[in-house]
Amino acid sequence: MKNQTVLNLAINILIFFLLSSISASRISFGETQASLIAQGKKIAFNRKKGNCLACHAIKGGSLPGNIGPPLINMRDRYPDKEQLQTQIWDPTQYNQHSIMPPFGKHEILTKEELDKVVEFVYSL
Amino acid sequence: MKKSYYLLIICLTSVISTPGQTTPENDRSAYQNYFKQKFPSIELKEFINGIYILDSSLREYWEAIEEFPPYETAIEEGEIAFNNHKILKQCFPKATQGIVQNYPHFDRNTAQVITLPLAINTCLAKHGKPELDYQQNTIIQMLAYLTYQSRGKRIATKIPSAAAKNAYDKGMEFYYARRGQLNLACAHCHVDNAGQRMRAELLSPGLGQPSHFPVYRAKWGGMGSLHRQFERCNKRVRAKPFDLQSEEYRNLEYFLTYMSNGLTWNGPSVRD
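Here is what the cut-offs are and how they apply
- Residues numbered from 1 in each chain as written.
- Chains lettered and ligands numbered in written order.
- Predicted model: local features only at pLDDT ≥ 70, side-chain atom pairs only at ≥ 80, totals over all residues.
- Heavy atoms only, no water.
- Helix = DSSP H or I, 4+ residues; strand = E, 2+ residues; numbered from the N terminus.
- Buried < 20%, exposed > 50% of the residue type's maximum accessible area, 1.4 Å probe, protein only.
- Lys, Arg positive; Asp, Glu negative; His and termini not counted.
- Charge placed at Lys NZ, Arg CZ, Asp CG, Glu CD.
- 1 Å grid on protein atoms, 1.4 Å probe; cavity = no way out; pocket = protein on both sides within 12 Å on 5 of 7 lines; lining within 4 Å.
- Points joined across faces, edges and corners; volume = space filled by probe spheres on them.
- Nonpolar A, V, L, I, M, F, W, Y, C, P; charged D, E, K, R; others polar.
- Contact = heavy atoms within 4.5 Å.
- Buried area = accessible area lost by both parts, 1.4 Å probe.
- Salt bridge = Lys/Arg side-chain N within 4 Å of Asp/Glu carboxyl O.
- Polar contact = N/O pair within 3.5 Å; in protein donor to acceptor, adjacent residues only side chain to side chain.
- Phe/Tyr/Trp six-rings, centres within 6.5 Å; stacked < 30°, edge-to-face > 60°.
- Lys NZ or Arg CZ within 6 Å of the ring centre and 35° of its normal.
- Patch = residues over 30% accessible without salt bridge, like charges linked within 9 Å, V, L, I, M, F, W, Y side chains within 5 Å.
- Areas by Shrake-Rupley, 256 points an atom, 1.4 Å probe, with all protein chains shown as cover.
- Disulfide = S-S within 2.5 Å.
- Core = buried A, V, L, I, M, F, W, Y, C linked by side-chain atoms within 4.5 Å.

## A word on the overall build of chain B
- Helices and strands together make up the secondary structure of chain B, namely 11 helices and 7 strands.
- With the C-alpha coordinates of chain B rotated into their principal frame, the extents come out at 55 × 45 × 40 Å.
- Taken across its 272 residues, chain B has 51% of its residues classed as buried.
- Side chains of chain B carry 33 positive and 26 negative charges; the gap between the two charge centres is 5 Å.

As structure tokens, this is what we get:
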């Protein structure tokens, strides 16, 4: 009987930690989708971070380069968001000769930053 | 038979923008043909003018600057500095007739690529004089002066031996290798994407690039050497740059200059 309560307690504690670690690994509750997109935009436009405008025309950005295609209609181009993530993480997975830098693989952006950029690009 | 074989090589090399394991001469013609095809309306000899062959309004602006070129004082100061180093006049007796066209060359004795700045310092060191700092104005002004004497001469880099070919190969490897956090090779920007814009900057074709150094850049607040440009472009992709006049950069210069054989020396110059 006593053993049973100890076990219950242990399971509860375990569940508590599991849940709290999941919510910590997610972006905190207060952040809305709109704010994620806005943060992603900042990272994408920042010359020291994404600097995506070096190569892509993007709505809201001035003096873009023209090495890559304009980033528009991303939802149509990428029904699978995962593939968009991969293109930004390591474009050489799709095109061995890609000139686009591997933002995730080479740690140009952190995982969190990259996720936010994906949200932003997906909104275009 | 021989002729059709030759034609086949031309066809193959003009499809592949990366020169293969062929002879330097085949590499060079493939490289030049690539740019001829990419920019059919631009004459080959124009490629010494970098980004200004790509945009007529930029070109007008540049031609206006060239009327009172900001590198003029560097030429004058360079002449004075050169003449003040008496020993240099002994080492380079033909300086006033132009010697830039003799560099870079492969030196059989030391088995390395000799560039003009290295030759200047080697001369000074050999005669017990202090060497010049490759980053400082004195040597860059001397280069401006010496380069000016060679204006209009033909670029005719030679690869006279297997050892020289080896240095050339290393330069070529450097040129096509991805590097830095941004994972880009020289050729990505100056071959594949020449003529495109990276943000607001036009990417100049690799062909002709070494012809007009040192260059005056307002961004630099003065003149810079070809190796300073290599350093700049390495840093652009967040790669660790090599030392000016390092073996890596000299081999790169050797390869790049060979690719421009047949064009003319046109330094010093001014770039945005």
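## Some remarks on the layout of surface pockets
- There is about 1100 Å³ of room inside the largest pocket.
- If you trace the largest pocket, you find 41 residues lining it, with Asn51(A), Cys52(A), Ala54(A), Cys55(A) and Pro101(A) closest to the centre.
- Put simply, the parts of the chain that give the lining of the largest pocket at least two residues each are helix 3 (74-77), helix 4 (81-89) and helix 5 (111-122) of chain A together with helix 10 (226-236) of chain B.
- A per-element tally of the lining of the largest pocket places helix 4 of chain A first, with 3 residues.
- For the lining of the largest pocket, a count of residues per class yields 24 nonpolar, 8 polar and 9 charged.
- Empty space within the second largest pocket amounts to approximately 840 Å³.
- Looking at the second largest pocket, it is lined by 38 residues, and the ones nearest its centre are His190(B), Arg217(B), Gln229(B), Cys233(B) and Arg236(B).
- The set of elements that each furnish at least two residues to the lining of the second largest pocket consists of helix 8 (162-176), helix 9 (186-192), strand 3 (197-198), strand 4 (201-202), strand 5 (215-217), helix 10 and helix 11 (247-259) of chain B.
- The biggest single contributor to the lining of the second largest pocket is helix 10 of chain B, with 7 residues.

## Section: the interface of chain B and chain A
- Facing the 15 residues of chain B at the interface are 24 residues of chain A.
- Between chain B and chain A, a total of about 1500 Å² is buried, with carbon and sulfur atoms accounting for 49% of that surface.
- In this structure, the connection of chain B to chain A is made through 0 salt bridges.
- Our enumeration of links across chain B and chain A arrives at 9 residue pairs in polar contact (both at pLDDT 80 or more).
- Here the side of chain B that touches chain A is built from residues that sort into 5 nonpolar, 6 polar and 4 charged.

## Remarks on the packing of aromatic side chains
Residues and elements named next belong to chain B.
- Enumeration over the complete set of coordinates arrives at 17 aromatic pairs over all chains.
- An angle of 75° between the planes, with centres 6.2 Å apart, marks the rings of Phe-174 and Tyr-249 as edge-to-face. In this pair, Phe-174 is assigned in helix 8 and Tyr-249 in helix 11, connecting sequence segments 75 residues apart.
- For Phe-174, a relative accessible area of 8% puts it in the buried group.
- Overall, the relative accessible area of 0% leaves Tyr-249 in the buried class.
- An angle of 85° between the planes, with centres 5.2 Å apart, marks the rings of Tyr-175 and Tyr-176 as edge-to-face.
- Here a set of aromatic residues connected by ring pairs shows up, and it is made of Tyr-31, Tyr-34, Phe-35, Phe-39, Phe-47, Tyr-168, Tyr-175, Tyr-176, Phe-255 and Tyr-258.
- One Lys or Arg, Arg-217, reaches over the ring of Trp-220 and ends 5.3 Å from the middle of that ring.
- The lysine or arginine in question, Arg-228, covers the ring of Trp-220, its NZ or CZ lying 4.4 Å from the ring centre.

## Describing a negative patch on the surface
- Negative charge collects at one region of the surface, where Glu72(B), Glu76(B), Glu77(B) and Glu79(B) lie side by side.
- The topology assignment puts Glu77(B) in helix 4 (residues 72-84).

## Some words on the state of the cysteines
- If you walk through the whole model with that rule in mind, you get 1 disulfide over all chains.
- Paired by a disulfide, Cys91(B) and Cys123(B) hold their sulfur atoms 2.1 Å apart. Judged by the sign of its S-S torsion, about 85°, the cystine formed by Cys91(B) and Cys123(B) is right-handed. Of the two residues, Cys91(B) is situated in helix 5 (residues 86-91) and Cys123(B) in helix 6 (residues 116-126); the sequence distance between them amounts to 32 residues.
- Exposure remark for Cys123(B): the relative accessible area of 5% places this residue in the buried category.
- With no disulfide partner, Cys52(A) has as its closest neighbouring cysteine sulfur the one in Cys55(A), 8.8 Å distant.

## Quick word on the nonpolar core
- Counting 70 residues, the largest nonpolar core has Phe35(B), Phe92(B), Leu116(B), Ile120(B) and Leu146(B) as its most contacted members.
- Ignoring any residue separated from it by four or fewer positions in sequence, one finds Phe35(B) in contact with Phe47(B), His190(B), Val191(B), Ala194(B), Pro205(B), Gly206(B) and Leu207(B).
- If you look at the next biggest cluster of nonpolar residues, it comprises 32 residues, including Ile67(A), Phe120(A), Val121(A) and Leu184(B).

## Brief notes about the side chain of His212(B)
Residue and element names in this part refer to chain B.
- Examined against the element boundaries, His-212 turns out to sit in the loop between strand 4 and strand 5.
- There is a polar contact of 3.1 Å between the side chain of His-212 and the backbone oxygen of Ile-48.
- A polar side-chain atom of His-212 sits 3.2 Å from a polar atom in the side chain of Arg-271.
- The residues contacting His-212, other than those within four sequence positions of it, are Ile-48, Asn-266, Gly-267, Pro-268, Ser-269 and Arg-271.

## Considerations on the pattern of salt bridges
All names here are of chain B.
- Under the criterion given, the structure shown has 13 salt bridges over all chains.
- When the shortest N-O distance is used, the salt bridge between Glu-247 and Lys-170 registers 3.9 Å. Note that Glu-247 is positioned in helix 11 and Lys-170 in helix 8, a separation of 77 residues in sequence.
- Overall, the relative accessible area of 41% leaves Lys-170 in the partly exposed class.
- In this structure, Lys-219 and Glu-201 form a salt bridge, with 3.3 Å as the shortest nitrogen-oxygen distance. Here Glu-201 lies in strand 4 and Lys-219 lies in the loop between strand 5 and strand 6 (222-224), a separation of 18 residues in the sequence.
- Here Glu-201 falls in the partly exposed class, since its relative accessible area comes to 35%.
- One network of salt bridges, with partners in common, ties together Glu-46, Arg-59 and Glu-63.

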